[in-house]
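# Chain and residue survey
The chain contents come next:
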Amino acid sequence: ASGDPLGSGSSSSAESSTLVVGSQDYYSNEIIAEIYAQALEADGFTVDRQFRIGQREVYLPDITSGKIDVFPEYTGDLLQVLDDTATSGTPDAVYSALTKALPSGLQALDRADASDQNTWTVTKAFADKYNLTDIASLKNVTEPITVGGNSELETRPYGPTALSDKYGIVTAGFKPVEDGGGPLTVKALEDGDIQLANIYTASPAFDSGNLVALEDPDGLFFPSNVVPIVSAKVDDKAAAVLNKVNAALTADTLVALNAQSVNDQLAADKIATEWLKKENLI
Amino acid sequence: MTWIWANLDLIWDRTLDHVVLSVPAIVLSFIIALPIGWLAHRYRASRGVILTVVGLLYAIPSLPLFIILPIIVGTSTRSPLNLVIALTLYGVALMVRVVADGLASVDLDVRQSASAVGFSTWTEFWQVELPLSGPVLLAGLRVVAVSTVSLATVGAVIGVQSLGSLFTDGFQRGIQAEIIAGIVATVVLALVFDALLVYAGRLLMPWTRSRAATTVTDNAAGSVSTAATPASENRSREIAR
Amino acid sequence: MIEFHSVTKRFPDGTVAVDDFSLVLPSHKTTVFVGTSGSGKTTLLRMINRMVDPTSGSIDIDGADIGTLDPVKLRRSIGYVMQNSGLLPHRKVVDNVATVPMLRGMSRKKARDEALQLLDTVGLDRSLAERYPSQLSGGQQQRVGVARGLAVNPNILLMDEPFGAVDPIVRAELQQELLRLQHELGKTVVFVTHDIDEAFLLGDQVVILRTGGKVAQVGSPGEILANPADDFVSTFVGAERGKRSLHLENHGAGDVLVDGDGRLAGVLVPGSKAGPLAGSGASAQGGDPR
Amino acid sequence: MIEFHSVTKRFPDGTVAVDDFSLVLPSHKTTVFVGTSGSGKTTLLRMINRMVDPTSGSIDIDGADIGTLDPVKLRRSIGYVMQNSGLLPHRKVVDNVATVPMLRGMSRKKARDEALQLLDTVGLDRSLAERYPSQLSGGQQQRVGVARGLAVNPNILLMDEPFGAVDPIVRAELQQELLRLQHELGKTVVFVTHDIDEAFLLGDQVVILRTGGKVAQVGSPGEILANPADDFVSTFVGAERGKRSLHLENHGAGDVLVDGDGRLAGVLVPGSKAGPLAGSGASAQGGDPR
Amino acid sequence: MNFFAEALQWLVDPANYVGLNAIPLRLAQHLGFTVVTLVIASAIAIPLGFLIGHTGRGRSVAVASAGAFRAIPTLGLLTLVALSIGIGLNAPYIALTVLAVPPILAGAYTGFEAIDRRTIDAARAVGMSEVQIVRQVEVPLGLPLLIGGLRSAALQVVATATLAAYVADFGLGRYLFAGLKTRDYAEMLGGSILVILMALALEGLFALTQRFVVPRGVLAGRPTDIRTRSSRPRPVMESAIEEGQKNVHSK
Ligand SMILES: Nc1ncnc2c1ncn2[C@@H]1O[C@H](COP(=O)(O)OP(=O)(O)OP(=O)(O)O)[C@@H](O)[C@H]1O
Ligand SMILES: Nc1ncnc2c1ncn2[C@@H]1O[C@H](COP(=O)(O)OP(=O)(O)OP(=O)(O)O)[C@@H](O)[C@H]1O
Ligand SMILES: [Mg+2]
Ligand SMILES: [Mg+2]
């Protein structure tokens, strides 16, 4: 793999001072990565952006092998991938579990308040009709509930099985919509093709007010706070920069940033610069 | 539409990425298919086997191929090389048959007269058979080019940037203009490649141009050119998915 | 001189195309193989430049067994003209003619210069040199084919139904042209045709073949016409059918010659514009080509 | 009787294929259009069954302007034979012959029965009936083509170079066969060829065309040969070139007739096996077809 | 390669043969989807192709747009369509039909075009109406190339029909997506193998059909004694007299 001529092998390049920042193939993640990158640059670091490098299954090997130095991740999501026996808990519990589960050579910096986590979401109309507030209240529903989401949702510990095991809510079937809770899923909800969907909390789809994320008092879902996963090349100085930025990233901030991307159709670097300036971070 | 004007540079960058991915695949498909197709043409017995095995490649869905290929080849998961290899495989699958058919389309009279005046097998291949199968090869290469460009978009799913990234991103962010821009740019790029190939064909095969101008009813020439079009169209077994 | 010694050709599928064929083809003369389709004419011709190798028997050229020669080199030293000219459609006329000299290592410039001269020889305008074969008429293409056959100044010229695909009028012209050329150049020509008239016109020696690659008769045109060896030959040369038996008929505007089929053959003229035909004659007399 | 009245055909690309052509084609006779390529022969022929419609002028068949008839019906009432037979490759010989009767509504069984009889008429063995055209020789295919042309017992038979693609020997056979058939059936035959010998053999009336669809001469073969209208006709019929001027030559085994090109034409025999040729003759005399 | 061994194990695991995700069920769905798509695409492409092939009109438009159609990325089209008409099978049907139309169209009209013009000319000359020419001559003779077009369309649709699972609980694509997201490569590879097997089976079926529908006369034996076509091609015609004159000048 190291002999790969076209590949991503900047780790083998000579400039050891360069930090490689990566991002998922997901606009929200790219914005965070861009924020990290600009903050690092403002502090004199050289940054090599390797953004939008696919889904976790694609880029994870590159993080574990140290080819990427800084990567914005989500605590709960990553923990479940690294340790499939992990159990949910408070954000801090999940965070500390993650730090233990990380392979050697990798390190999780401070987590942000901002999170982008799974929810069970229904339309506002549906929630009003059956007076839904939290997940358990789904048992009020008298019509069949069809669940929609990525394929893997079906087998996840918080999936349809958990609904029936924990809350006695029997779902009527599962329809895959492989866009990770994106616009297609939202449309399917609105069309009534599905009644219950897995949508991320930071999705700007909630902006419209037409969707309601059911509360999760029992911690069915893993809290998934934004957290930079870094390699050993990230020194204390760089870590300090990233921690400072992360401290400013609140839950509302993330939704607002996403909304800028989706509603105002701004590019990630512009959104990042604007926010960093506003927060006086650069 | 405002998105497009604000992001022309992005579209341009992705287009360049796309070119860098698809051009090597197209060229490699041709180079690799040439000897294999020649074998299939030359040795009748091997033809069935070669074409079947190669035809099997079509049936591989691209998504799993992209995932499995690095494991088999040993490249890094998100290396563009994976994509180039996969695209080349599909291109070869298409092109081998074209090469075999193209070589077979060369008029027997011409081949025999070439060897009768003293062409050796090797010289005859390069100076007679290859150029004369040019029109069929070109037709096949055009299909390969178009489908490779189309297929390269799937790279976006495995984290290799291309015009496909425009519609995955546009899709996540619900920006229709971006999705449409991605699709349109892909189609335009494919058509540009196609036009370039046609133009290259004109340059490299001047005799095919002159044929249209002539008024002489030449049976041999006529049958070659008419044989080329339907046959090669029929060979449009491309694999866009 | 080309000699066939008991040559047999059996193709892998069992077809016997040529069966125990022996013949001497004299130098500087034209030998014509004539026969119906499948009688082995092409096979015989192609054995001379080793496009086909005999199953048994041998062929000598000027005393040397060609079985011992390198086929590619041999072919480059023998002119070959075929039906539909066999020109390379992707090369210009002049390059087609220059092909073989260049294969033999001549420089491109020199080969093209000589090719232009050859176009003169076969009566083609040099302005056609830069055209592609498909831009020529059928007759012109055949002339280019002949020019290519002559390009390395070979002693032997093999011609496989070279005029089979052109208009009868153009064919007559080309035949006369060939007679003229042969008169000038005196090559050893081996000519294949299925047209007995053509055979009689061009051949010093005519070989009539029957299906299965067997020789029906060998001789000069006069000998064959005067003494057909058997019924097959008679039928073939048209003697039996009456085609060759002409009689005078009065016919409105004057006497005309009519054959046994009722076909008008022409009118009888007194004089003798042409010299004697027997034996070697045909090439010695051009007639008026037009 | 077919009458052309000032017929002109200009194709959309501007080519004038036929220019102000007027002619009467008598019933029960054979009219041959002969001329070089592109002289409009095929176009003339195809106007008779409305495969091509004239730009101006009109064509009458037995007094009726065909422009007023339904083309499809018209075609079903006229026999058509073309080079390479034009048979449907995916239908057996017998079904090919039965095609048109079935189009006209005849039952399959009856059409096939009649088709088998037609095979006899054209001299084909019934054992070939169940073969596909590609399994026949060229000559056999042409016979099937003729059988198909005769299948609806049409008054008119159009033949476009029907024997252009077969071996000369087979061609001679087919020509004799056609003469015999015509003798028996007495159709109005319109025949296209570029072979002047064939035209003279088969035609009661011969029309020599020059490029651009202009008539060079119309007349019986004898008239044309005896009095060629101009140089073009002379050249075309070969008179000028001396092909038609035969003279006697002594030649070893006896006197032979030789033409101006030095080509052996045959031997002179005294008697007259054949009847008079002028005007109507050719069809009246069969010779020996084989 | 234990990878493939795992995939084989997945293929024979009895657990994968029960319930809503059973292999036979997924196979049937996939096949059904493919067949329906081909039928829809054929219904559009075949009449159009026949029309183009018979009249010769619109060919250049067809060729150009087929090129453009071929370049449309199916995944992009699928998502775009799904966004306007919602999830379920309709969007995949539309996207895959777009994929299948060009090869079928090409097969249909090239099948007609490949027919010897003289055959059609003769059919017209003996009095076949245009409809009869299409039905009795062009369709039977053009069938082999049409089947060829269907065959390549089928191949593409089978492989690409995996995308139906992107927006619907349908077909073998479910194994691919589920395997991809849960990094269960055995399932993904097993699913791919099933797709390939189905493609192979269809290939075989089409090869047979193609052999079966080729009019026998087209394949039947070689010409017996005389080889009209090959050895006696139609004379190369020309304006002989004119050429003669040219030569006079040139000498
Ligand atoms: N490569 C081959 N394999 C098998 N049989 C062959 C091959 N070449 C020729 N033949 C057969 O050998 C016989 C003689 O063929 P050849 O081509 O010499 O005939 P020809 O006299 O030139 O005929 P034509 O006038 O049609 O050109 C034929 O029966 C032919 O089918
Ligand atoms: N459909 C057409 N469109 C345009 N020009 C045509 C068409 N058909 C024939 N021509 C032209 O009309 C002229 C006469 O053609 P036609 O086919 O009648 O000649 P012909 O005497 O039959 O020639 P040949 O001996 O080659 O068959 C030619 O110049 C030909 O190119
Ligand atoms: Mg031959
Ligand atoms: Mg014609």
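Just so it is clear, the model here is predicted, and its values are computed rather than measured. (Residues numbered from 1 in each chain as written. Chains lettered and ligands numbered in written order. Predicted model: local features only at pLDDT ≥ 70, side-chain atom pairs only at ≥ 80, totals over all residues. Heavy atoms only, no water.)

### Concerning the site of ligand 1
Our working definition: For this description, a residue counts as near a given molecule or strand if any of its non-hydrogen atoms is within 4 Å of it. Any pair of N or O atoms that falls within 3.5 Å is considered a polar contact. Within protein, one atom must be able to donate a hydrogen and the other to accept it, and sequence-neighbouring residues count only if both atoms are side-chain atoms. Each accessible area is a Shrake-Rupley result for a 1.4 Å probe, and residues are judged covered by the shown protein chains and nothing else.
If you check the shell around ligand 1, you find 16 residues, and the closest are S37, G38, K41, T42 and T43 of chain C. Ligand 1 sits at the junction of chains C and E, each of which supplies nearby residues. The separation between an oxygen atom of ligand 1 and a polar main-chain atom of G40 of chain C is 3.1 Å. Contacts to ligand 1 include E161 of chain C, whose side-chain N or O atom sits 3.3 Å from an oxygen atom. For ligand 1, whose free accessible area comes to 630 Å², the fraction covered by protein is 73%.

### Concerning helix α4 (residues 108-121) of chain D
Rule in force here: For the purposes of this entry, the term helix denotes a DSSP run of H or I that reaches at least four residues, the term strand denotes a run of E that reaches at least two, and both are numbered from the N terminus. By definition here, a helix of n residues has an expected span of 1.5 Å times n minus one.
The end-to-end C-alpha separation of α4 of chain D is 20 Å, in line with the 20 Å expected for 14 residues at 1.5 Å each. The positive-phi residue at the C-terminal boundary of α4 of chain D is G123 of chain D, with phi of around 75°.

### Remarks on the site of ligand 2
Heads up, the rule is: Amino acid classes used here: Ala, Val, Leu, Ile, Met, Phe, Trp, Tyr, Cys and Pro are nonpolar; Asp, Glu, Lys and Arg are charged; the rest, including Gly, are polar.
Close contacts around ligand 2 come from 14 residues, with S37, G38, K41, T42 and T43 of chain D the closest. At the site occupied by ligand 2, nearby residues are drawn from chains D and E. With respect to ligand 2, the backbone of S39 of chain D contributes an N or O atom lying 3.2 Å from an oxygen atom. Note that an oxygen atom of ligand 2 is positioned 2.5 Å from one of the side-chain N or O atoms of T43 of chain D. Burial of ligand 2 by the surrounding chains reaches 67%, relative to a free accessible area of 630 Å². No other element matches helix α1 (residues 41-48) of chain D, which puts three residues into the shell around ligand 2. Considering only residue class, the shell around ligand 2 consists of two nonpolar, eight polar and four charged.

### Things to note about the pattern of salt bridges
Our working definition: Only one rule defines a salt bridge in this text: a Lys or Arg side-chain nitrogen within 4 Å of an Asp or Glu carboxyl oxygen. Accessibility here uses a 1.4 Å probe with only protein chains present; expressed as a share of the type maximum, an area under 20% marks a residue as buried, one over 50% as exposed, and anything in between as partly exposed.
Counted by the stated rule, this structure contains 52 salt bridges over all chains. Here D113 of chain D makes a salt bridge to K109 of chain D, at a shortest N to O gap of 3.1 Å. Of the two residues, D113 of chain D and K109 of chain D are both situated in helix α4; the distance of four residues between them amounts to about one turn of the helix. Here E184 of chain D ties to R180 of chain D by a salt bridge, and the two come within 2.9 Å at their closest N and O atoms. Of this pair, E184 of chain D and R180 of chain D are both found in helix α6 (residues 168-185), four residues apart, which corresponds to roughly one turn of the helix. Since its relative accessible area comes to 26%, R180 of chain D is described here as partly exposed. Each member of the salt-bridge network shares a partner with another, and the members are D25, E30 and R52 of chain A together with D169 and R173 of chain B.

### What about the packing of helix α9 (residues 251-263) of chain A against helix α10 (residues 268-278) of chain A?
Residues and elements named next belong to chain A. The test is simple: Note on geometry: axes are lines fitted to C-alpha atoms, helical ones only across the stretch in contact, with angles between N-to-C directions running from 0 to 180 degrees. Each angle gets one of four labels, with under 35 degrees taken as roughly parallel, over 145 as roughly antiparallel, 65 to 115 as roughly perpendicular, and the rest as oblique. Crossing handedness: left-handed means the near helix sits turned counterclockwise from the far one by under a right angle, and right-handed means the same turn made clockwise. In what follows, a contact means two residues having at least one pair of non-hydrogen atoms within 4.5 Å.
At a minimum axis separation of 10 Å, α9 and α10 run at an interaxial angle of 140°. In terms of axis orientation, α9 runs oblique to α10. Relative to α10, α9 is oriented so that their crossing is right-handed. Contacts from T253, L257, Q260 and S261 of α9 reach α10 at I271, E274 and W275.

### Here's the deal with the sheet that holds strand β10 (residues 214-219) of chain C
Residues and elements named next belong to chain C. To keep it simple, the criterion reads: Any two strands with at least two DSSP bridges between them are considered paired.
Taken together, six strands build an open sheet; the order of strands is β6-β7-β8-β3-β9-β10 and the sheet is mixed. With partners counted over all chains shown, the strands left at the sheet margins are β6 (78-82) and β10, one partner each. Strand after strand, the sheet turns through a mean of 15° between neighbouring axes, direction not considered. Taken together, the five bridges between β6 and strand β7 (residues 156-160) define a ladder with parallel strand orientation.

### Some thoughts on the sheet that holds strand β8 (residues 188-193) of chain D
All names here are of chain D. Read across the open sheet, the six strands follow the order β6-β7-β8-β3-β9-β10; overall the sheet is mixed. Looking at the sheet topology across the chains shown, the edges are occupied by β6 (78-82) and β10 (214-219). Each neighbouring strand pair of the sheet contributes to a mean axis angle of 15°, computed without reference to strand direction. The pairing of strand β9 (residues 205-210) with β10 spans five bridges and is antiparallel. Looking across to β10, one finds that I208 is bridged to Q217.

### Concerning helix α2 (residues 8-42) of chain B
Residues that lie three or four places apart on an α-helix share one face, since the helix turns once every 3.6 residues. As a reminder, the rule being used: The seven residues ending at a residue and the seven starting there each receive a fitted axis; the angle between those axes is the bend at that residue.
Counted at 1.5 Å a residue, the expected span for α2 of chain B with its 35 residues is 51 Å, and the 50 Å between its end C-alpha atoms agrees. A bend of about 30° at L34 of chain B is the largest found in α2 of chain B, and the proline P35 of chain B appears one to four places after it.

### Observations concerning the environment of L124 of chain D
Residues and elements named next belong to chain D. Mapped onto the secondary structure, L124 falls in the loop between α4 and α5 (138-150). Relative accessible area serves as the criterion here: at 6%, L124 is assigned to the buried category. Along the sequence, L124 and I78 sit 46 residues apart, while their C-alpha atoms lie 22 Å from each other. Among all residues touching L124, those that are not within four sequence positions of it are L119, Q140, R143 and V144.

### What to know about the packing of helix α2 (residues 23-55) of chain E against helix α7 (residues 130-160) of chain E
All names here are of chain E. In the contact formed by α2 and α7, the axes pass within 9 Å of each other and the chain directions differ by 140°. When the interaxial angle is binned, α2 and α7 end up oblique. Note on packing geometry: the crossing formed by α2 with α7 is right-handed. Contacts between α2 and α7 involve H30, T34, T37, L38, S42, I46, F50 and H54 from the first element and E130, I133, V134, E138, V139, L146, L150, A153, A154, V157 and V158 from the second.

### Observations regarding a nonpolar patch on the surface
Going by this rule: In this analysis, a patch consists of residues with relative accessible area above 30% that form no salt bridge, clustered at 9 Å for like charges and at 5 Å for the nonpolar side chains Val, Leu, Ile, Met, Phe, Trp and Tyr.
On the surface, a cluster of nonpolar side chains totalling about 370 Å² of accessible area is made up of V23, V27, L28, I31 and I32 of chain B. Among the residues examined, V23 of chain B registers a relative accessible area of 34% and is labelled partly exposed.

### Topic: the nonpolar core
The test is simple: What is meant by a nonpolar core is a set of buried Ala, Val, Leu, Ile, Met, Phe, Trp, Tyr and Cys residues, joined one to another through side-chain atoms within 4.5 Å.
Core analysis: the largest hydrophobic core is formed by 161 residues, its most contacted members being L184 of chain A, W3 and M95 of chain B together with L78 and I104 of chain E. The element best represented in this core is helix α5 (residues 80-104) of chain B, accounting for 14 residues. When neighbours within four sequence positions are excluded, I104 of chain E is seen to be in contact with L38, A41, S42, A45, I46, L146, G149, L150 and A153 of chain E.

### Here's the deal with the pairing of strand β1 (residues 2-10) of chain C
All names here are of chain C. In this structure, β1 lies alongside strand β4 (residues 56-61), joined through five bridges in antiparallel fashion. Paired with F4 across the strands is I59, a residue of β4. Direction of pairing for β1 relative to strand β2 (residues 16-25): antiparallel, over a ladder of six bridges. Among the inter-strand pairings, V7 is bridged to a residue of β2, identified as F21. Between the antiparallel neighbours β1 and β2 lie five residues, among them G14 with a positive phi of about 100°.

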